[in-house]
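# Structural characterization, general
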Amino acid sequence: MQSLEDIKAKIKDALPGLDCVIGWERGWSPLHGTPLFMRSPEDVDRLTWGPFNVGNPATYLTGFKGKKVGVVVKGCDSRSVVQLLQEKLVKREDVVVFGMPCEGVVDLTKVARKVGDIALVNAAVRAGGTLSVTTPEGMVEIPWEEVAADKCLSCQYPNALVSDHFAGEPLPPAMGRDPAAEQLAALEAMAPAELFAHWAKVMERCIRCYACRNACPMCVCRDHCIAQTRDPHWLTQEDSTREKLMFQMIHALHLAGRCTECGECQRSCPVDIPILALRRKLNAVVKDLFDYQAGVDPQAVPPLFTFQVEEAKINERGW
Ligand code: SF4
Ligand code: SF4
């Protein structure tokens, strides 16, 4: 792929001035891309691009505070970079962004439903609208729409929104279904008691592993996270639905208007809890109130970073 070779050449040129460049390489199977931290030209040769580069490398940026790093991004990843810049969690002069146009990434849960044990897959190739997966039983050809990540079907930002180097031809926005919006609409149609019962039920299976928090590029408190801190001790480690729901409520509120809807929280959840819907709901509220969408405009000031005595769309006196 010419654009991959072009971006590799740009990374090799930039590497002497950087601590490392974060991208992806082939993981433990043909379906898995895994993070790659490039520090030498030989590392750069392992860089991959395509539907298996699922993770969001922007998540690592705040861990390199004070160092100069590069990051290879899809359009959705670039929104996280933009939001991190807006919140001054990373400095623009400390990050070099390598962008490429993204045609979508795979949802391995969907692939597993089609082919069974994905650990047995020995080849996986996407060509246009088809993902061909080879297992010991033979090859299965799956329409791309049936195994693409939900967010990719209606992706409005397939190209990096911020980049110092860009390789490849920019792509138009995707025009497919938005399953996450459909899911959110179904939840919004529930009566409050039914909705609460729904979340209480799905939260029963949360194991409080915090993978959702750790995978999130915007969740930066880490050691000081309200979910684990002992001083002050805001939440118990009790294995109760109440505490698990409380953790998710706090998590979602901390992401209100900051979440770039990269979907990494939900993807990393080992028990398939549909937590992205909570973030999307709060983002929709922020969009409605402040006409703000996270990570699309490096010059915009996030609404929760400003204060106005009277907000245009919040009627504080008319109750
Ligand atoms: S809350 Fe989830 S979707 Fe939003 S930025 Fe974090 S990982 Fe991405
Ligand atoms: S990743 Fe899933 S199981 Fe783990 S804490 Fe988050 S919601 Fe719970």
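As shown above, the structure is provided for reference.
For every chain, the first residue of its written sequence is number 1, and the numbers climb from 1 along that sequence. Written order decides the labels, with chains lettered from A and ligands numbered from 1. The predicted nature of this model means local features are confined to residues of pLDDT at least 70 and side-chain atom pairs, given and counted, to a pLDDT of 80 or more, with totals for whole chains, interfaces and linings taken over all residues. Excluding hydrogens and water, the side-chain figures rest on all heavy atoms present in the structure.

What follows deals with the pattern of salt bridges. One speaks of a salt bridge when a side-chain nitrogen belonging to Lys or Arg is within 4 Å of a carboxyl oxygen belonging to Asp or Glu. Enumeration over the complete set of coordinates arrives at 18 salt bridges. Two residues, E5 and K8, come together in a salt bridge whose shortest N-O distance is 3.6 Å. With E5 and K8 both in helix α1 (residues 2-14) and 3 residues apart, the pair spans about one turn of that helix. Working definition: with a 1.4 Å probe on protein chains only, accessible area under 20% of the residue-type maximum means buried, over 50% means exposed, and in between means partly exposed. Accessibility expressed as a relative area gives 41% for E5, which makes it partly exposed. For the purposes of this entry, the term helix denotes a DSSP run of H or I that reaches at least four residues, the term strand denotes a run of E that reaches at least two, and both are numbered from the N terminus.

Here we come to unusual backbone geometry. Backbone torsion omega between D231 and P232 reads 5°, so that peptide bond is classified as cis. Looking at the element boundaries, P232 is found in the loop between α8 (211-215) and α9 (241-254). Residue K88 is not a glycine yet carries a positive backbone phi of 60°. One can find K88 in the loop between α3 (75-86) and β4 (95-99). Among the residues examined, K88 registers a relative accessible area of 70% and is labelled exposed. Positive phi, close to 55°, is recorded for D272, a residue that is not glycine. Along the chain, the position of D272 falls in the loop between α10 (264-268) and α11 (276-290). Judged by relative accessible area, D272 falls into the partly exposed class, the value being 47%.

Next up on the list: the site of ligand 2. What surrounds ligand 2 is a group of 13 residues, the closest being C206, C209, C212, Q248 and C269. Broken down by secondary-structure element, the contributors of at least two residues to the shell around ligand 2 are α8 and α9. When residue character is reported, Ala, Val, Leu, Ile, Met, Phe, Trp, Tyr, Cys and Pro are called nonpolar, Asp, Glu, Lys and Arg charged, and the others, Gly included, polar. When grouped by side-chain class, the residues that make up the shell around ligand 2 number 11 nonpolar, 1 polar and 1 charged. Nearness is judged by heavy atoms alone; a residue qualifies as near a molecule or strand once a single heavy atom is within 4 Å of it.

This next bit is on the sheet that holds strand β1 (residues 20-26). When DSSP finds two or more bridges between a pair of strands, those strands are recorded as paired. With respect to topology, 5 strands assemble into an open sheet ordered β2-β1-β3-β4-β8, the strand pairing being mixed. Here the strands that pair on one side only, and so sit at the sheet edges, are β2 (33-38) and β8 (165-166). Bridge analysis of strand β3 (residues 69-73) against β4 gives 5 bridges, and the strand direction is parallel. Within β4, the position partnered with V72 by the bridge is F98. Contact criterion: two residues are considered in contact whenever any of their non-hydrogen atoms come within 4.5 Å of each other. Between N-to-C directions, angles cover 0 to 180 degrees, with each direction set by a line fitted to C-alpha atoms, over the stretch in contact for helices. Docked against the sheet, α3 engages β1, β3 and β4, running at close to 140° with respect to β3.

All right, on to the side chain of H251 then. Counting through the fold element by element, H251 comes out in helix α9. With relative accessibility at 5%, the residue H251 sits in the buried group. Residue contacts for H251: discarding those within four places in its chain leaves C212, R213, C219 and R279.

In the vicinity of ligand 1, the contacting residues are C216, P217, L255, C259, T260, E261, C262, G263, E264, C265, L276 and R279. Of all elements in the fold, only α10 and α11 reach the threshold of two or more residues within the shell around ligand 1. A breakdown of the residues in the shell around ligand 1 according to their chemical character gives 7 nonpolar, 2 polar and 3 charged.

What follows covers the packing of aromatic side chains. Here is the rule: rings of Phe, Tyr and Trp (six-membered ring for Trp) pair when centre to centre is within 6.5 Å. Planes less than 30 degrees apart are stacked, more than 60 are edge-to-face, and the remainder are tilted. Under the defined criterion, the tally for this structure stands at 4 aromatic pairs. Here the aromatic rings of W24 and W49 are separated by 5.7 Å at their centres, their planes lie at 75°, and the arrangement is edge-to-face. Taken together, the residues W24 in strand β1 and W49 in the loop between α2 (41-44) and β3 connect sequence positions 25 residues apart. Look at W24 and you get buried, because its relative accessible area is 2%. The rings of F37, Y60 and F64 are connected pair by pair, giving a single aromatic cluster.

Moving on, we get to helix α4 (residues 108-115). Those residues of α4 that fall on the buried side of the exposure criterion are K110, V111 and V115. Mapping the buried residues of α4 onto a view down its axis gives an arc of 115°, with all of them on the same face. In this structure, the buried side of α4 is in contact with β6 (130-135), β7 (138-143) and α5 (150-153). Any N or O atom pair separated by 3.5 Å or less is treated as a polar contact, with the protein-specific requirement of one donor-capable and one acceptor-capable atom, and with residues adjacent in sequence counted only for side-chain atom pairs. Its side-chain oxygen 2.9 Å from the backbone nitrogen of T109, D107 forms the N-cap of α4. One or two steps after α4, the chain reaches G116, where phi turns positive at roughly 85°. Starting at the helix axis, one direction is taken to each C-beta atom, and the arc is that of these directions.

Glancing now at the pairing of β2. Inspection of the sheet shows β1 paired to β2 by 6 bridges, in the antiparallel sense. Across the sheet, the residue bridging to W24 is P35, located in β2. Counting the residues in the hairpin turn of β1 and β2 gives 6 residues.

Here we take up the sheet that holds strand β5 (residues 123-127). If you trace the 3 strands from one edge of the open sheet to the other, you get β5-β6-β7, paired in antiparallel fashion. Sheet topology places β5 and β7 at the edges, where each strand pairs with a single neighbour. With strand direction ignored, the average angle separating the axes of adjacent strands in the sheet is 15°. With 6 bridges joining them, β6 and β7 adopt antiparallel strand pairing. The residue of β7 that forms the bridge with S132 is E141. Contacts from α4 reach β6 and β7 within the one sheet, and its direction differs from that of β6 by about 55°.

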